[in-house]
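Fold and geometry: a report
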Amino acid sequence: MPPVPARGAQVLSVEGVHVWLSGREVLHDVGFEVRAGEFTGLIGPNGAGKTTLLRVILGLEPPAQGRVIVGGGPGATSEGAGPGRTAERVGYVPQKVVVDPDLPLRARDLVSLGLDGHRLGIPLRNRGRRQKVDAMLEAVDAGRLADARIGTLSGGELQRVLIAHALVSDPALLLLDEPLANLDLRSEHEVVALLARLTGERGVAVLLSAHDMNPLLPVMDRIVYLAAGRAASGGTDEVVREEVLSELYGHQVDVLHVRDRILVVAGPHGPREADQAAGLPEPPGRTRSRGV
Amino acid sequence: MVDTLWVATLVAMVAGAVGFFTVLRGSTFVAHALPQTAFAGAAGAALLGADPLLGIGTFAVASALGVGWLSRRGRSDVATALVLVLMLGLGGLFLALSAQYSSQVYSLLFGEVLGVSTTQLGPTAGLTAGSLVALALLGRPLLLEAVLGAAADPRGRHRRWLEGAFLVLVAVATTMSVPVVGALLMFSLMVGPPAAARHLTDRPWRALLLSMGLALATVWASVAAAYLSNWPVGFYVGVLGAGVYGTGRLWAARRRRRRGAHLAG
Ligand SMILES: Nc1ncnc2c1ncn2[C@@H]1O[C@H](COP(=O)(O)OP(=O)(O)OP(=O)(O)O)[C@@H](O)[C@H]1O
Ligand SMILES: [Mg+2]
């Protein structure tokens, strides 16, 4: 098992990243840090650039300017993607996984593929490996699902198994792209609590993207708020404020505290057309039950 | 007859193994298309008086690379269809130009057990060994990709050549199998057994072995039946392949019901 970075050690550093796609600047001067044992929320409306940013961190999208440093070593820079070792230090749970119900694959097989699925050759049976897989499934509270076909799992159960798959190789950084998108409130709560526990127990750094910050408020150590390709980062109280977010969005937004929830809505002077483009929810009254 | 059985055995092992990954990846359309493009190669070789196996191999590999190249961004089903119609058109032309070879062409479409000559045993054995080694090497990444798709390799570095290598494997399996079971029915050997195996076990590597075993049983039974009855092998492979799949599904459904009853009771 590779040494777990000490809590607070820098695991990811994104510095002045600009990304252009099809002649449009999708990310503008984005910079932040992620530390070991911390839970960082990457929050932003649809189209803000969350997936693009995660792709940059994975080394899939070279930034036009700026650089990404993963685990202290160089990752992607404007000269190109980083060296191959990045993949081993980063676990990734993709935005949407659709599983064929007829696929002959148990939860334990999927987790086992997380250990060495990229390697060539025939997997050998080995007690250490099996114990590692079992322990990982227990760690995500999926021990009883070990022998279930993955196609028969519920959304929340599959999400746990995918997290186990991503974590079993002991990465320093775990990226999750909208893992809460298809979960009901209870599963959402369970997955968030699970991730918070894993950051504490394993010292892994979690960077999780979501369009709604509310489920993450109790556990988030740090927030990276993305709007229209620009980012603000820091503690939730520092970032989720009217001045900061209005600046990001480029027009007035209101931050409403409703009991223990935070809603970000277009202010009275926000240009309506721009709100739609930035994916801001409509003002209260017509808003859906959740904030941004 | 002994040589024929040997060739058929090798063909079944490769078709069962390559077909397993084809079914898992959901690319059975490719397994349907490549043998048919290979048929155009056979018709072309017949026209030129060349070895049909050479024509089949060339066309199958070229089509595989064409599909891989055309689908490097976007949908592979469209690319596959494009290559398929192009090759079928060529095959039609070759056929029209060499009408006198129609009986040979017929056997390439539907397979002919006695059409397998002793000279095919050597090359077939070589191709079998090569494909099985390649599959053993690529098995894990292919399985991972079948589950997670693009996300299996988020950095996307291996994805292109993995896809290419897989398509070439399908082409090789095609080249070996078409002379035995025929271009039209090759599909049933590559899809029936693996599709049935999926229903019979939850374990991936066990399902792979089971798929090869079912393909073997299908081919042996078909060759024996064709030898005795003089009907085309392809007919038996088609019927038995579908039969194996149907039985597998029924068996899985019964097992599920029993498990459900057990849980309820
Ligand atoms: N390949 C591309 N070419 C051009 N524009 C792109 C490309 N990929 C993404 N974009 C644009 O970049 C912006 C950010 O996209 P991205 O997928 O990162 O958003 P997101 O925050 O993940 O959104 P969502 O919440 O909907 O997943 C969008 O406006 C999108 O249209
Ligand atoms: Mg996204």
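Small disclaimer: the values here were computed from a predicted structure and weren't measured. The residue count restarts for each chain, going from 1 along the sequence in the order it is written. Naming scheme: in the order in which they are written, chains are lettered from A and ligands are numbered from 1. With the structure being a predicted model, the display of local features is reserved for residues of pLDDT at least 70 and the display and counting of side-chain atom pairs for 80 or more, all residues being used for whole-chain, interface and lining totals. Working from all heavy atoms in the structure, the side-chain values ignore hydrogens and water.

Attention shifts here to the overall build of chain A. Helix and strand assignments come from DSSP, with helices taken as H or I runs of at least 4 residues and strands as E runs of at least 2, each series counted from the N terminus. For chain A, the count of helices and strands is nine helices and twelve strands. Partly exposed residues are those whose accessible area sits between 20% and 50% of the maximum for their type, while under 20% is buried and over 50% is exposed, using a 1.4 Å probe and protein chains only. Per-residue burial for chain A yields a buried fraction of 54% across its 292 residues. Accessible surface for chain A amounts to roughly 13,200 Å². Of this, 48% is attributable to carbon and sulfur atoms. Accessible areas in this description were obtained via Shrake-Rupley with a 1.4 Å probe; residue shielding takes into account the shown protein chains only.

Secondary structure assignment for chain B yields ten helices and zero strands. Listing the helices and strands of chain B from first to last along the sequence gives α-α-α-α-α-α-α-α-α-α. Looking at the 265 residues of chain B, the share that counts as buried comes to 52%. The contact criterion used is simple: two residues touch if any of their non-hydrogen atoms lie within 4.5 Å. Long-range pairs, those at least 24 residues apart, make up 78% of the contacts in chain B with a sequence separation of at least 6. With an accessible surface of roughly 11,600 Å², chain B has 68% of that area assigned to carbon and sulfur atoms.

All names here are of chain A. When we say a residue is near a molecule or strand, we mean one of its heavy atoms is within 4 Å of it. Around ligand 1, the surrounding shell holds 14 residues, and the nearest of these are Arg24, Gly47, Lys50, Thr51 and Thr52. Here a polar contact is recorded for every N or O atom pair within 3.5 Å, except that within protein the pair must consist of a potential hydrogen donor and a potential acceptor, and residues adjacent in sequence are included only if both atoms are side-chain atoms. Backbone polar atom of Ala48 to an oxygen atom of ligand 1: 3.2 Å apart, as the coordinates give it. In this structure, Lys50 approaches ligand 1 through a side-chain N or O atom, which is 2.7 Å from an oxygen atom. For ligand 1, whose free accessible area comes to 630 Å², the fraction covered by protein is 63%. Listed by contribution, the elements that provide at least two residues to the shell around ligand 1 are strand 2 (24-35) and helix 1 (50-58). The dominant element in the shell around ligand 1, judged by the number of residues it contributes, is helix 1, at three residues.

The next point concerns the packing of aromatic side chains. All names here are of chain B. Any Phe, Tyr or Trp ring, taking Trp's six-membered ring, that has another such ring centre within 6.5 Å forms a pair; planes under 30 degrees apart are called stacked, those over 60 apart edge-to-face, and the others tilted. Enumeration according to the criterion identifies six aromatic pairs over all chains in this entry. Look at Phe59 and Phe94: their rings are 6.3 Å apart centre to centre, the planes differ by 75°, and that puts the pair in the edge-to-face class. With Phe59 in helix 3 (residues 52-70) and Phe94 in helix 4 (residues 76-97), the pair connects residues that are 35 residues apart, well separated along the chain. The exposure class assigned to Phe59 is buried, which follows from its relative accessible area of 18%. Among the residues examined, Phe94 registers a relative accessible area of 16% and is labelled buried. The interplanar angle of 65° and the centroid separation of 5.0 Å between the aromatic rings of Phe235 and Tyr236 together place this pair among those described as edge-to-face. Judged by its relative accessible area of 40%, Phe235 is partly exposed. Ring pairs connect the aromatic residues Trp231, Phe235 and Tyr236, which therefore count as one cluster.

A few words on helix 2 (residues 28-48) of chain B. Residues and elements named next belong to chain B. Here the expected span of a helix is defined as 1.5 Å times the quantity of residues minus one. Compared with an ideal rise of 1.5 Å per residue, which puts 21 residues at 30 Å, helix 2 spans 31 Å between its outermost C-alpha atoms and is within 8% of the ideal. The buried fraction of helix 2 amounts to 16 of the 21 residues, a majority that puts the element mostly inside the structure. The positive-phi residue at the C-terminal boundary of helix 2 is Gly49, with phi of around 75°.

Another aspect to go through is the confidence of the model for chain B. Residues and elements named next belong to chain B. Summarising the model, chain B shows a mean pLDDT of 83, and 86% of its residues fall at 70 or more. What pLDDT reports is the predictor's confidence in each residue, on a scale of 0 through 100. Of all the helices and strands in chain B, helix 5 (residues 102-110) carries the lowest mean pLDDT, 70, while helix 9 (residues 204-229) carries the highest, 91. Confidence estimates for the predicted assembly give a pTM of 0.83 and an ipTM of 0.83.

All names here are of chain B. On the surface, Leu47, Leu48, Leu90, Leu93 and Leu97 cluster together into a nonpolar patch covering about 470 Å² of accessible area. Listed by contribution, the elements that provide at least two residues to the nonpolar patch are helix 2 and helix 4. By residue number, the principal contributor to the nonpolar patch is helix 4, which donates three residues. Along the chain, Leu90 falls in helix 4. Only residues whose relative accessible area exceeds 30% and that take part in no salt bridge are eligible for patches, with like-charged residues grouped when within 9 Å of each other and nonpolar side chains (Val, Leu, Ile, Met, Phe, Trp, Tyr) grouped when within 5 Å. Any Lys or Arg side-chain nitrogen found within 4 Å of a carboxyl oxygen on Asp or Glu counts as a salt bridge.

All names here are of chain A. Looking at chain A as a whole, the pLDDT averages 82, with 84% of positions reaching at least 70. Of all the helices and strands in chain A, helix 9 (residues 272-278) carries the lowest mean pLDDT, 45, while strand 3 (residues 39-43) carries the highest, 96. Predicted confidence for residues 73-87 stays below pLDDT 50, and this span has 39 contacts to residues more than four positions away or in other chains. Every residue in residues 281-292 scores below 50 in pLDDT, and together they form 31 contacts with partners more than four places removed in sequence or on other chains.

We now examine the pattern of salt bridges. All chains considered together, the criterion is met by 25 salt bridges over all chains. Ionic pairing is found between Arg198 of chain B and Asp100 of chain A, a salt bridge with its closest N-O pair at 3.6 Å. Here the residue Arg198 of chain B occupies a position in helix 8 (residues 186-200), and Asp100 of chain A occupies one in the loop between strand 6 (90-93) and helix 3 (107-116), the pair thus bridging two chains. In this structure, Arg140 of chain B engages Asp116 of chain A in a salt bridge whose closest nitrogen and oxygen atoms are separated by 2.8 Å. Of this pair, Arg140 of chain B sits in helix 6 (residues 121-148) while Asp116 of chain A sits in helix 3, which puts the two residues in different chains. Connected via shared salt-bridge partners are Asp141, Arg160, Arg186, Glu190, Arg197 and Glu201 of chain A.

With that settled, the discussion passes to a positive patch on the surface. Think of it this way: Lys and Arg go in the positive column, Asp and Glu in the negative one, and His and the chain ends go nowhere. To locate a charge, take NZ of a lysine, CZ of an arginine, CG of an aspartate or CD of a glutamate. A cluster of like positive charges, contributed by Arg125 and Arg130 of chain A together with Arg203 and Arg206 of chain B, occupies part of the molecular surface. Residue placement: Arg130 of chain A occurs in helix 4 (residues 127-139).

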